[in-house]
Amino acid sequence: MEIIKRIVEGLSEGEADKTELLTQEALRQGVLPEIILKEGLIAAMNMIGERFKQGDLFVPEVLLAARAMQAGMNILKPRLIQTGIKPLGRIIIGTVKGDLHDIGKNLVAMMLEGAGFEIIDLGIDTAPERFIQEVKDKKPQIVALSALLTTTLPMMKATIELLKAEGLEGTVKVLVGGAPLSQRYADEIGADGYAPDAVSAVAKARELLNLR
Ligand code: B1M
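So, here's what we can say about the structure. Remember, it's a predicted structure, so these values are computed and weren't measured experimentally. (Residues numbered from 1 in each chain as written. Predicted model: local features only at pLDDT ≥ 70, side-chain atom pairs only at ≥ 80, totals over all residues. Heavy atoms only, no water.)

Things to note about the overall build of the protein
Then, in step 1: What the protein contains, in helices and strands, is 9 helices and 5 strands.
Then, in step 2: Taking 2.2 N^0.38 as the reference for a compact globule, 212 residues should give roughly 17 Å; the C-alpha atoms of the protein span a radius of gyration of 17 Å, in line with that estimate.
Then, in step 3: For the C-alpha atoms alone, the extent of the protein along its principal axes is close to 55 × 45 × 25 Å.
Then, in step 4: Put simply, the protein has 212 residues, and 47% of those count as buried.
Then, in step 5: Surface summary for the protein: the accessible area is close to 11000 Å², and the carbon and sulfur share equals 53%. (Helix = DSSP H or I, 4+ residues; strand = E, 2+ residues; numbered from the N terminus. Rg over C-alpha atoms; globule rule 2.2 N^0.38 Å. Buried < 20%, exposed > 50% of the residue type's maximum accessible area, 1.4 Å probe, protein only. Areas by Shrake-Rupley, 256 points an atom, 1.4 Å probe, with all protein chains shown as cover.)

What about the sheet that holds strand β4 (residues 173–177)?
Then, in step 1: What the 5 strands build is an open sheet, ordered β2-β1-β3-β4-β5; its pairing is parallel. Every other strand in the sheet has two partners, leaving β2 (118–121) and β5 (193–194) as the edge strands with one partner each.
Then, in step 2: Both strand β3 (residues 142–146) and β4 contribute to a ladder of 5 bridges, which runs parallel. Bridging from a neighbouring strand, A144 pairs with L175 of β4.
Then, in step 3: Across the sheet, helix α6 (residues 128–138) touches β1 (90–95), β2 and β3, and the angle it forms with β1 is around 165 degrees. (Pairing = 2+ DSSP bridges. Contact = heavy atoms within 4.5 Å. Axes fitted to C-alpha atoms, helices over the stretch in contact; angles between N-to-C directions.)

Some words on the pairing of β3
Then, in step 1: When you tally the buried positions in β3, you get 5 out of 5 residues, the bulk of the element.
Then, in step 2: Burial of the side chains of β3 extends over both faces: I142, A144 and S146 are buried on one face and V143 and L145 on the other.
Then, in step 3: Where β1 lies against β3, 5 bridges are found, and the strand directions are parallel. When the sheet's bridge partners are listed, I92 is paired in β3 with V143.

A few points about the packing of helix α5 (residues 103–114) against helix α9 (residues 198–208)
Then, in step 1: The contact between α5 and α9 brings their axes to 8 Å, and the two run at 50 degrees. Considered as vectors, α5 and α9 are oriented oblique to each other. Here the hand of the crossing between α5 and α9 comes out right-handed. Note on element contacts: α9 touches α5 through A198, V199, A201, V202 and A205, opposite L107, V108, M111 and L112.
Then, in step 2: Among the residues making up the contact of α5 with α9, the classes are represented as 9 nonpolar, no polar and no charged. (Parallel < 35°, antiparallel > 145°, perpendicular 65-115°, else oblique. Left-handed = near helix turned anticlockwise from the far one by under 90°. Nonpolar A, V, L, I, M, F, W, Y, C, P; charged D, E, K, R; others polar.)

As for the site of the ligand
Then, in step 1: Taken together, 32 residues sit near the ligand, with L100, H101, D102, S146 and T150 positioned nearest.
Then, in step 2: Contact between the ligand and G98: a nitrogen atom at 2.9 Å from a main-chain N or O atom of the residue.
Then, in step 3: The side chain of T150 places a nitrogen or oxygen atom 2.8 Å from an oxygen atom of the ligand.
Then, in step 4: The set of elements that each furnish at least two residues to the shell around the ligand consists of α3 (33–53), α4 (59–80), α5, β3 and β4.
Then, in step 5: Looking at the shell around the ligand, its residues break down into 20 nonpolar, 8 polar and 4 charged. (Near = heavy atom within 4 Å. Polar contact = N/O pair within 3.5 Å; in protein donor to acceptor, adjacent residues only side chain to side chain.)

As for the coordination of the cobalt atom of the ligand
Six octahedral donors around a metal ideally make angles of 90 or 180 degrees; four tetrahedral donors ideally make 109.5 degrees.
Then, in step 1: The protein gives the cobalt atom of the ligand a lone donor atom, H101 (NE2), placed 2.2 Å from the metal.
Then, in step 2: If you trace the backbone, H101 turns up in the loop between β1 and α5. (Donors = N, O, S within 2.8 Å, 3.2 Å for Na, K, Ca; no water.)

A few points about the nonpolar core
Then, in step 1: With 46 residues, the main nonpolar core has L11, I36, L37, L41, M45 and M73 as its most contacted residues.
Then, in step 2: Elements with a contribution of two residues or more to this core: α1 (2–12), α2 (16–28), α3, α4, β1, α5, β3 and α9.
Then, in step 3: Broken down by element, the residue count for this core peaks at 9 residues, all from α4.
Then, in step 4: When residues are assigned to domains, this core turns out to be shared by domain 1 (2–83) and domain 2 (90–208), each giving three or more.
Then, in step 5: When residues no more than four places from it in sequence are discounted, the contact partners of M45 are L11, V62, A65, A66, M69 and I103.
Then, in step 6: Among the nonpolar cores identified, the runner-up in size contains 24 residues, and I92, I120, L153 and Y194 belong to it. (Core = buried A, V, L, I, M, F, W, Y, C linked by side-chain atoms within 4.5 Å. Domains from an automatic or database assignment.)

In structure tokens, the structure reads:
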């Protein structure tokens, strides 16, 4: 599809305004928001990731692409989110301490919100103590942790251990995800659920709360 190709180009060039306009144009042409997200924005970001890995792109270019991705996601958000329904449950979400990656976390938050959950987003670089304080204050049914770096994965374990130490185990389910994770790692650190992507995060959250 020509418009999807142009979105991929716009994002790859780090052009936020262009990505935003093209995303609007794709919606106007009747392309489904899920297709724009998957085949446009996410596909382009994956290409950026590959080039970053190969040393073909550097942090400033990746940041520009991330900004363009966010611009496109902001346009899609209202279309992916249902309104006027009673929340299925409250979820606190954040990227763990030391980790500044938030595109995947934002996408997961958006999909969960779209599925009818109330979302409290703590943002990036969230310390275990902050998660625990928010769990005490806001009493969510799920706390959702995102990490993109192998070096920050241990912060998930630290958060789960602090939850236990504070006697909160059993009052809230812990959902974890992020590119370097696996089901095995999630089991090892005692998480209640793991999801490899934003779509399965919704399914997993529903499963954790026994919503069918
Ligand atoms: Co960074 N970075 N980065 N980066 N970055 C990665 C993650 C990396 C894989 C690149 C690479 O080397 N190939 C690598 C990590 C290697 C590792 O540890 N395994 C890496 C590195 C090394 C770094 C720095 C250390 C680089 C440096 O400074 N030398 C540095 C660390 C900064 C820090 O966090 N302290 C760094 C910095 C950055 C930027 C700031 C430039 C930027 C982030 C901007 C932002 O997020 N606002 C950035 C980016 C953009 C990337 C890549 C290119 C793209 C990540 C992304 O947004 N993907 C990434 C390479 C890659 O992933 N291919 C890379 C798109 C997004 C939709 O996917 O985030 O995977 P993802 O989310 C998915 C799933 O993982 C899952 O669902 C999402 C949607 O389907 N998911 C969950 C995520 N959270 C979930 C939670 C859930 C469930 C599912 O439940 C709670």
